[in-house]
Amino acid sequence: MATASTVDPDFGTTATKGGDGKKAGHRIQCVVVTPERVLFDELVDFVALPLSDGELGVLPGRAPLIGRLGFGELRTTSGGSTKRYFVDGGFAEVRDDVVNVLTGRAIPAASVDAASATSELERAKERKASNEQEVADRNRALDRARAQIRIASRGDKG
């Protein structure tokens, strides 16, 4: 099948068209992997990643990157439906319209327990920190609990 490159008028980037004339890569393969299993492996329209320094939105045709994940909400949108997950740090790779997420823990947003996260936050606030490593550990525990509370408070909203 022959392919041809053209400028995509919507994004100003090069898009490849297959022999049938349809734009290739108009969807993204999103794969979320934890040490226990592959949690998610689907074609989606959009992915929002909680990087350690802010949120990154990924659309088809995104330039390749590798980023460090923070604690927060990973969102995927497909056909107007949004799926949400709490991710507990890790790494993300974007390449060739594939988003690979490697994380120690990923929980569907509906399964995040607000009460448990609130008690985690209280325990982290009470934790004494007397050296640099303990301060860093305490701050990570605070950030993790706050992210879970934020996600749980949104309920089923996208």
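The structure presented is a predicted model; accordingly, all values stated were derived computationally and were not measured. (Residues numbered from 1 in each chain as written. Predicted model: local features only at pLDDT ≥ 70, side-chain atom pairs only at ≥ 80, totals over all residues. Heavy atoms only, no water.)

Section: the packing of helix α1 (residues 114–126) against helix α2 (residues 132–154)
Worth spelling out the cut-off: All axes are obtained by fitting lines to C-alpha atoms, using only the stretch in contact for helices, and the reported angles, taken between N-to-C directions, cover 0 to 180 degrees. For helices the rule is a DSSP run of H or I covering at least 4 residues; for strands it is a run of E covering at least 2, with both sets numbered from the N terminus onward. An angle counts as roughly parallel when it lies under 35 degrees, as roughly antiparallel when it exceeds 145, as roughly perpendicular when it falls between 65 and 115, and as oblique in every other case. Left-handed describes a crossing in which the near helix is turned anticlockwise from the far one by less than a right angle; the clockwise case is right-handed. Any two residues whose heavy atoms approach within 4.5 Å at even a single point are treated as in contact. Gly falls in the polar group here, along with every residue not listed as nonpolar (Ala, Val, Leu, Ile, Met, Phe, Trp, Tyr, Cys, Pro) or charged (Asp, Glu, Lys, Arg).
At their nearest, the axes of α1 and α2 sit 8 Å apart, and the two run at 155° to each other. In this view, α1 runs roughly antiparallel relative to α2, as classed from their interaxial angle. The chirality of how α1 crosses α2 is left-handed. Contacts between α1 and α2 pair A114, A117, T118, E120, L121, A124 and K125 from the former with R138, A141, L142, R144, A145, R146, Q148, I149 and A152 from the latter. Split by residue class, the contact of α1 with α2 holds nine nonpolar, two polar and five charged.

A closer look at the pairing of strand β3 (residues 28–33)
Cut-off, in case you're wondering: Should DSSP find at least two bridges between two strands, the strands are regarded as paired.
As paired strands, β3 and strand β4 (residues 38–44) are joined by six bridges and run antiparallel to one another. Residue V31 lies in a different strand from β4, and its bridge partner there is D41. Connecting β3 to the next strand, β4, in antiparallel fashion are four residues. The sheet contact formed by β3 and strand β9 (residues 98–102) spans five bridges and is parallel. Bridge pairing links V31 to N100 in β9.

Considering the nonpolar core
Applicable threshold: Here, nonpolar core refers to any group of buried Ala, Val, Leu, Ile, Met, Phe, Trp, Tyr and Cys residues whose side-chain atoms link them within 4.5 Å. A simple rule labels every residue: compare its accessible area, found with a 1.4 Å probe on the protein chains alone, to the largest value its type can have, and call it buried under 20%, exposed over 50%, or partly exposed in between.
Core analysis: the biggest nonpolar cluster contains 21 residues, and V32, V47, L49, V58, L74, V99 and V101 have the highest contact counts within it. Secondary-structure elements contributing two or more residues to this core are β3, β4, β5 (46–51), β6 (54–58), β7 (65–78), β8 (81–95) and β9. The element that contributes the greatest number of residues to this core is β8, accounting for four residues.

Some thoughts on α1
How we decide: Expected span of a helix: the number of residues minus one, times 1.5 Å. Here, the arc refers to the directions that run from the helix axis to the C-beta atoms.
In this model, α1 (13 residues) spans 18 Å end to end at C-alpha, consistent with the 18 Å of a helix rising 1.5 Å per residue. Among the residues of α1, A117, L121 and A124 are the ones counted as buried. Down the axis of α1, the buried set is contained in an arc of 65°. They therefore lie on one face. For α1, exposure combined with an orientation more than 90 degrees from the buried face picks out A115, R123 and E126.

Brief notes about the confidence of the model for the protein
Close reading of the predicted structure is inappropriate where its pLDDT is low. The condition that has to hold: The quantity known as pLDDT measures the predictor's confidence residue by residue, on a range of 0 to 100.
Averaged over every residue, the pLDDT of the protein is 81; residues scoring 70 or more account for 82%. Note that residues 1–24 has pLDDT below 50 and, in this model, 32 contacts with residues that lie over four places away or in other chains.

Some words on the environment of G80
Considering the arrangement of structural elements, one finds G80 in the loop between β7 and β8. In this structure G80 comes out as exposed when scored by relative accessible area, which is 72%. As a C-alpha pair, G80 and D45 span 35 residues in sequence and 8.9 Å in three-dimensional space.

Focus: α2
This is how it is decided: A 3.5 Å cut-off defines polar contacts: any pair of N or O atoms within that distance qualifies, except that in protein one atom must be a possible hydrogen donor and the other a possible acceptor, and neighbouring residues in sequence count only when both atoms are side-chain atoms.
Counted at 1.5 Å a residue, the expected span for α2 with its 23 residues is 33 Å, and the 33 Å between its end C-alpha atoms agrees. Listing the buried residues of α2 in full gives A141, L142, A145, A147, Q148 and I151. For α2, the elements touching its buried residues are β7, β8 and α1. Put simply, N131 is the residue that caps the front of α2, since its side-chain oxygen is 3.0 Å from the backbone nitrogen of Q133.

Overview of a nonpolar patch on the surface
Stated formally: Patch membership requires over 30% relative accessible area and the absence of a salt bridge. Like charges are linked within 9 Å, and nonpolar side chains (Val, Leu, Ile, Met, Phe, Trp, Tyr) within 5 Å. Surface accessibility follows the Shrake-Rupley procedure with a 1.4 Å probe radius. Residue values consider only the protein chains on display as shielding. When a carboxyl oxygen of Asp or Glu is within 4 Å of a side-chain nitrogen of Lys or Arg, the pair counts as a salt bridge.
Where nonpolar side chains cluster on the molecular surface, the patch consists of I66, F91 and L102 and spans about 350 Å² of accessible area. Within the secondary structure, I66 sits in strand β7. When its relative accessible area of 67% is taken as the criterion, I66 is described as exposed.

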